[in-house]
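# What the coordinates show
For reference, the chains in residue letters:
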Amino acid sequence: MMTTRRSLLTPVAAMPVLLLGAPVASAQPFRLPLTPECSGRGERTIANAEGPYFRPNAPLKQDLAAEAEGGARILLGGFVLDESCRPVPNALIEIWHADDRGRYDQRGYRLRGHQFSDARGLWWFSTIIPAAYWSRTRHYHFKVQRPNDRILTTQLYFPGERRNAQDREFDPRLQMRVTTAEGQPLGRFDFVI
Ligand SMILES: [Fe+2]
């Protein structure tokens, strides 16, 4: 299972490079790129429905792809920022989503996990692209919380999905920017809280 082990480890090591477009040296001050999600107008990320499948107490976990039974891998990531586009470190970012057949794990914590943004406000998860299900287009559920602040519950979406237009919960402001880096899809979104 050498291939599997390597494929599990590679996204973790490569993530900062893929996400930021260039290696981030720890000694070098990090320059935050201006993004459509944080235009300087102080617009917070909007809330979106929690849906019926949230389960509390999801574990600390960034590699969700490792436990998926199938599905195409994707790296999700971005920054947590305040309304002045400053990074928010130690923000809780929790994700839960359907698998590649549109199913949620309702007994365990497969494709569920949380992490905390780093000193640069960076967050990321290695996971899979979920299937659409019922009336829903493809989406990820998130909770984002600055320490000791209120919780933002929202969802992120893929641009260009045929079913986006028919999904009542879909909001174009919650679309990720999806690119490919080194053959791996990358979904970028900056949460502004
Ligand atoms: Fe959902």
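Note that the coordinates shown come from a computational prediction; the quantities given were computed from them, not determined experimentally.

Here is what the cut-offs are and how they apply
Residues numbered from 1 in each chain as written. Predicted model: local features only at pLDDT ≥ 70, side-chain atom pairs only at ≥ 80, totals over all residues. Heavy atoms only, no water. Helix = DSSP H or I, 4+ residues; strand = E, 2+ residues; numbered from the N terminus. Buried < 20%, exposed > 50% of the residue type's maximum accessible area, 1.4 Å probe, protein only. Contact = heavy atoms within 4.5 Å. Areas by Shrake-Rupley, 256 points an atom, 1.4 Å probe, with all protein chains shown as cover. Pairing = 2+ DSSP bridges. Phe/Tyr/Trp six-rings, centres within 6.5 Å; stacked < 30°, edge-to-face > 60°. Lys NZ or Arg CZ within 6 Å of the ring centre and 35° of its normal.

Along the protein, the regular secondary structure elements total one helix and nine strands. Counted from the first residue to the last, the protein has its helices and strands arranged as α-β-β-β-β-β-β-β-β-β. Per-residue burial over the protein gives 45% buried out of 193 residues. In the protein, of all internal contacts separated by at least 6 residues, the share reaching a separation of at least 24 is 71%. Only carbon and sulfur atoms are counted for the fraction: they give 52% of the accessible area of the protein, which is about 10100 Å².

Turning our attention to the pairing of strand 3 (residues 112-116). Here strand 3 lies mainly inside the structure; four of its five residues are buried. Relative to strand 3, strand 2 (residues 92-96) runs antiparallel, the two being bridged by five bridges. Across the sheet, the residue bridging to leucine 92 is phenylalanine 116, located in strand 3.

What follows is about the packing of aromatic side chains. For the structure shown, the criterion picks out eleven aromatic pairs. When the ring of tyrosine 53 is compared with that of tyrosine 133, the centres are 6.3 Å apart and the planes differ by 70°; the resulting orientation is edge-to-face. With a gap of 80 residues between them, tyrosine 53 in the loop between helix 1 (2-20) and strand 1 (73-81) and tyrosine 133 in the loop between strand 4 (122-128) and strand 5 (139-145) connect regions that are remote in the sequence. When the ring centre of tyrosine 109 is taken as reference, the NZ or CZ atom of arginine 55 above it lies at 4.7 Å. The ring of phenylalanine 54 has lysine 143 sitting right over it, with the charged end atom 4.7 Å from the ring centre.

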